[in-house]
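Results of the structural survey
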Amino acid sequence: MNTMTTTPALAAPTAQAAAPHCAPAWRAPVVLLVTGMAACALMPDQLGLLTRIFITALLVLSLDLVVGVAGLATLGHAALFGMGAYAAGIFALKVHPDPLVGLAVGIAAGAGLALLSGAFLLRYQGFTFLMLTVAVSQILLSLAQKARQWTGGDDGLSGFVMGPLLGRFDFDLEGRVASVYALTVLVALFYVARRIVDSPFGLAVRGIHENRARMAALGTPVFARLWVLYTVAGAMAGAAGALSAQTNAVVGMDSLSFALSAEALVMLILGGAGRLTGALIGATVFTVLHHTAASINPYHWLFVVGALLMLVVLVSPAKAWAWLRRRAGGVR
Amino acid sequence: MNTFLNILIDGLAYGMVLFVIAVGLSVTLGLMRFVNLSHGAFAMVGGYCAALLTREAQWSFWVAVPAAILATAALGAALEALVLRHLYRRKELDQVLFTIGLSFVLIATTNALVGPQVQMIPLPPLLAGSVDLGFRTLPAQRLLVIVAGCGVAMLAAWTVARTRFGIWLRAAVDHSGTASALGIPIRTVQCASFAAGAALAGLGGILGAELMPLEPFYALKYLVLVLVVVAVGGMGSIAGSLAAAVLLGIIETASKYLASDWGSLFFFVAMAALLAWRPNGLLKR
Amino acid sequence: MSALLELKSLDKRFGGLHVTRGVSFALRAGDRMALIGPNGAGKTTLVNQISGVLTSDAGEIRLRGENVTRLSQAKRVRAGLARTFQITTLAPHFAVQRQIELALFEREGLTSGMWRSVDAYPTLQTEAQSILTRFGLRAHAATATEDLAYGEQRLIEMALALALRPKVLLLDEPMAGVPKGDGDRLLAALDALPSELAVLIIEHDMDLVFRFANRIVVLAEGAVLADGSPDEIRRDPKVRAAYLGN
């Protein structure tokens, strides 16, 4: 039976609808820079804590790229951090104590490990992928323990003294140079991360996260995109590791530990994954809380974190945030 | 030759402990697709109950152990019915994080109630000695562990293959929608399987108390090992868990004996290789 | 005129199940071919093999003369093939316009660009908006795809496939799940498909099939039962017996 005789008009003329748009990439990093500098200026006796916050924030930011943006749940991210830390530490000890060159070495090491392990890991998904990330980081940990001459084993790597930053600024005992150094690297890499996430590449990666089948049907080389993203995240984690090694002048086995991977994941979830700013917030809040609670019984701290985690899953702040944004109008 | 046999026996025992703890997790993962990272806590609770009942309450070992297992089963059932089943539809990551949080809370609670010291389970005289098998002597405890592990494997296989509950379980795993439409009580199956898994984990905690000391962080410390067994063996596969646990247990024990400064390297290399070769489980294609 | 899509003796088994038995046919530019058959005949499985989601056990698939049988999905898309899914497959939290823009970025090979913002491509934004207008969805540009009505989501499915400017289009039950009244815009979109496009459509609605198709292939138990014009198929006794029943 013929139901159609004329083609109805397809166009339904409407008022100009809102189009999705991204905020300029420099905005959030500038806010971060200003906030960070203010914190350093207002709390000169807490510079050590602030430096630790900046470094942790960078680690959790790199994890957000993998977990929040690409949707790859990993419990082995500490491997990339530790790789950067040990590379920078060994470089300072054996080759040259310049901090910026050491930072580049740490970045290269983190990126290199991500490139190598990603080639294997990214062939798998879901629970299998998660377990394999654990395997890779545990293997790296065992290798680091074995290679005692290089890494110092369980005693840690120490005895290296960092040279002056940019040839002029010595790392002082109060931590002023260290905190500005860490903050600057964090802000710079945050800006890079923002640009990547807001780029067509970032859109494709987010598309892979939301619906892999759809992306394959659009012609996206899924594996290649994820591999590049994982490598970039590895570079950033490596940078965080290098900063940690340089500002603490020591690298321990805990920088490769499962506990660090899990902690970073907890921080990311508490702050909200996928938007980059959540990583910074989660890292800051968690580090500050941990610092103030450090004197208390560690078991009580565990109880608080556990309860918070359960609460956050039941009443997801990310969902609440997204709901609020949608009511306010506009989707990214 | 002696070392080889030692490795085999210790490895087998270790593997059996891992199997008994892991099998419950494998079944719930395969059945409910629910990633329960608080499973290690059940092993811990079972061990703790047995330790406290034998030492503090002065109960006989042979009474305390079943009581501890039942208590763990009850805890598992209660948690499943009240809390965890609301998370079955959530994303994997949400389940992971919630159950990690739950583990943290259970660890902190255990410490608050009993303190951080290691809990020993005093063995009755029958199990404290050695058994002469003719070609060599074995600590009785090791023999018990191996026998118990085989027993659990056979009981689980028989339950799944021959009983009505087993049929319900398999139907629910394959297609819960159809199963419930056919009148199979899915909720009962889920809760009962969860409780059974918790009970077995408790048994594993008791059996493995020598190899894996009972202290509050137990819940997380050995979780990775259990997850590895489940991943390599394949979710929902009892035979797979057994094969994976025994294989990995022997590899880990061998590496402890022969190459201890390499740490757990070989365990994880073996794990990665096995998982890469058979991502869906050892015995599945 | 040479064939845009050619299948030669395509074969596939799932264990003991023989789901595709030596299927062969060819599509030329402008063909509107309907693939029909009873449930379980293997239609979607066949389309999955053509698009690369599944690998065939034997046989050949040629796209504009090029052998694509061993190529990945992505490479086949680049070679000019596009498809829609029977079950709507969209990025649920993406704004509708972003979802379309993503297809355009992929088409232009721009998704390796990691620095410029997605908002810095005005030509593509305009094209995305005009696509939305063409499908009557301009008002929903900033709505998340999961918040659209089902019929509108099916429209996006088709819009995405067309945004890729394919030479061959595979439509897997585009009207599936859409209530009779709401399908007007979809039907209009089908009518408005570019004339030189070769289209293969899986459909159960016989009214739509006989109105839209200039060729029909009937699949039964994985094998081609009949292949011809709508009139030939209507008169074919084998088809009547196996499928139409009247």
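Everything numeric in this text was worked out from a predicted model, so none of it was measured. (Residues numbered from 1 in each chain as written. Chains lettered and ligands numbered in written order. Predicted model: local features only at pLDDT ≥ 70, side-chain atom pairs only at ≥ 80, totals over all residues.)

Topic: the overall build of chain C
A count of helices and strands for chain C gives 9 helices and 10 strands. In terms of overall size, chain C behaves like a compact globule, its C-alpha atoms giving a radius of gyration of 18 Å where 246 residues would be expected to give roughly 18 Å. In terms of its C-alpha atoms, chain C occupies a principal-axis envelope of roughly 55 × 40 × 40 Å. Classification of the 246 residues of chain C by burial places 48% in the buried group. Partitioning the contacts of chain C with sequence separation of at least 6, the portion at a separation of at least 24 is 68%. (Helix = DSSP H or I, 4+ residues; strand = E, 2+ residues; numbered from the N terminus. Rg over C-alpha atoms; globule rule 2.2 N^0.38 Å. Buried ≥ 20, exposed ≤ 12 C-beta atoms within 10 Å, placed from the backbone. Contact = placed C-beta atoms within 7 Å.)

A short note on the overall build of chain A
Looking only at helices and strands, one finds 14 helices and 2 strands in chain A. A compact globule built from 332 residues would reach a C-alpha radius of gyration of about 20 Å, and chain A, at 22 Å, matches this within 12%. With respect to the principal axes defined by its C-alpha atoms, chain A has extents near 85 × 45 × 45 Å. By the burial criterion, 53% of the 332 residues in chain A qualify as buried.

Re the sheet that holds strand S3 (residues 32-36) of chain C
Residue and element names in this part refer to chain C. Taken in spatial order, the 6 strands make up an open sheet running S6-S7-S8-S3-S9-S10, and their pairing is mixed. Two strands close off the open sheet at either side, each with one partner strand: strand S6 (81-83) and strand S10 (223-228). Neighbour-to-neighbour, the strand axes of the sheet open up by a mean angle of 15°, direction not taken into account. With 4 bridges connecting them, S3 and strand S9 (residues 215-220) associate as parallel partners. Within the sheet, the bridge partner assigned to alanine 34 lies in S9 and is isoleucine 216. Helix-sheet contacts for helix H1 (residues 43-51) involve S3, S6, strand S7 (168-172), strand S8 (198-202) and S9, and the interaxial angle to S7 is about 150°. (Pairing = 2+ DSSP bridges. Axes fitted to C-alpha atoms, helices over the stretch in contact; angles between N-to-C directions.)

A few points about the interface of chain A and chain B
Contacts between the two partners involve 27 residues from chain A and, on the opposite side, 31 residues from chain B. Of all the elements in the fold, those that place two or more residues in the side of chain A that touches chain B are helix H5 (126-146), helix H11 (258-271) and helix H13 (298-314) of chain A. The leading source of residues in the side of chain A that touches chain B is H5 of chain A, at 13 residues. Tallied by class, the residues present in the side of chain A that touches chain B amount to 19 nonpolar, 7 polar and 1 charged. (Nonpolar A, V, L, I, M, F, W, Y, C, P; charged D, E, K, R; others polar.)

Topic: the nonpolar core
Of all hydrophobic cores here, the largest spans 286 residues; its most connected members are Leu58 and Ala239 of chain A together with Val226, Val229 and Met271 of chain B. Element by element, the count of residues in this core is highest for helix H1 (residues 2-32) of chain B, at 17 residues. In this structure valine 229 of chain B touches Leu18, Ala22, Ser241, Ala244, Ala245 and Leu248 of chain B, once residues within four positions along its chain are discounted. (Core = buried A, V, L, I, M, F, W, Y, C linked by C-beta atoms within 7 Å.)

As for the interface of chain C and chain A
Every contact between the two is made by 49 residues of chain C and, on the other side, 38 residues of chain A. Those elements that place two or more of their residues in the side of chain C that touches chain A are helix H2 (73-78), helix H3 (96-107), helix H4 (122-134), helix H6 (184-191) and helix H7 (206-212) of chain C. Residues of the side of chain C that touches chain A, tallied by class, amount to 25 nonpolar, 11 polar and 13 charged.

Some remarks on the pairing of S8 of chain C
Residue and element names in this part refer to chain C. The element S8 is largely enclosed, with a buried count of 5 among its 5 residues. Taking every second residue as pointing to the same face, both faces of S8 are buried, with Ala198, Leu200 and Ile202 on one and Val199 and Ile201 on the other. Inspection of the sheet shows S3 paired to S8 by 4 bridges, in the parallel sense. Considered in S8, the bridge of methionine 33 is made with leucine 200.

Focus: helix H7 (residues 164-174) of chain B
An α-helical segment advances 3.6 residues per turn. Residues three or four places apart therefore align on the same side. When we look at burial in H7 of chain B, the residues that qualify are Trp168, Leu169 and Ala172 of chain B. Buried residues in H7 of chain B, looked at end-on, bunch into an arc of 100°, giving them a common side. (Arc of directions from axis to C-beta.)

Considerations on the arrangement of the chains
For the 2 pairs of chains in contact, the largest share of contacts goes to chains A and C. Nothing in chain B touches chain C, and the closest approach of their C-alpha atoms is 11 Å.

Topic: the confidence of the model for chain A
Residues and elements named next belong to chain A. When pLDDT is averaged across chain A, the result is 88; 92% of the residues are at 70 or more. By mean pLDDT, the top-scoring element of chain A is helix H10 (residues 222-248) (97), and the lowest-scoring one is helix H14 (residues 317-328) (68). Scored below 50 in pLDDT, residues 1-16 makes 21 contacts in the model with residues more than four places away or belonging to other chains. (pLDDT = per-residue confidence, 0-100.)

Considering the packing of helix H3 (residues 78-94) of chain A against H5 of chain A
Relative orientation and spacing of two packed helices are given, respectively, by the angle between their axes and the distance between those axes. Residues and elements named next belong to chain A. Two numbers describe how H3 lies on H5: the axes approach to 9 Å, and their chain directions differ by 30°. When the axis of H3 is compared with that of H5, the two are roughly parallel. Taking contact as the criterion, the partners of Ala78, Ala79 and Tyr86 in H3 are, on H5, Val136, Ser137, Leu140 and Ala144. Among the residues making up the contact of H3 with H5, the classes are represented as 6 nonpolar, 1 polar and no charged. (Parallel < 35°, antiparallel > 145°, perpendicular 65-115°, else oblique.)

Description of the sheet that holds strand S4 (residues 58-63) of chain C
Residue and element names in this part refer to chain C. Strand order across the open sheet formed by 4 strands is S2-S1-S4-S5, with antiparallel pairing between neighbours. In the strand order of this sheet, the two ends are held by strand S2 (17-28) and strand S5 (66-67), each with one partner. Across 5 bridges, the pairing between strand S1 (residues 3-14) and S4 is antiparallel. Looking across to S4, one finds that aspartate 11 is bridged to alanine 58.

Looking at unusual backbone geometry
All names here are of chain A. In this model, leucine 166 sits at a positive phi of 55°, which is unusual for a non-glycine residue. Positionally, leucine 166 belongs in the loop between strand S1 (157-158) and helix H7 (176-197). Non-glycine residue alanine 249 carries a positive phi angle of around 55°. For alanine 249, the location among the structural elements is in the loop between H10 and strand S2 (250-251). Looking at alanine 249, the number of C-beta atoms within 10 Å reads 16, which means it is partly exposed.

Some words on the environment of aspartate 261 of chain B
Inspection of the secondary structure puts aspartate 261 of chain B in the loop between helix H12 (238-258) and helix H13 (265-277). Spatially, the C-alpha atom of aspartate 261 of chain B lies 28 Å from that of serine 241 of chain B, the residues being 20 residues apart in sequence.

Quick word on the pairing of S9 of chain C
If a strand is regular, its side chains alternate between the two faces of the sheet. All names here are of chain C. Of the strand pairs in this sheet, S9 and S10 are connected by 5 bridges, and their pairing is antiparallel. Residue leucine 219 lies in a different strand from S10, and its bridge partner there is valine 224. The turn joining S9 and S10, which pair antiparallel and follow one another in sequence, is formed by 2 residues; a positive phi near 50° is taken by glutamate 221.

Observations regarding the confidence of the model for chain C
The predicted model of chain C has a mean per-residue pLDDT of 90, with 98% of residues at 70 or higher. For this predicted complex, the interface score ipTM comes out at 0.90, alongside a pTM of 0.88.

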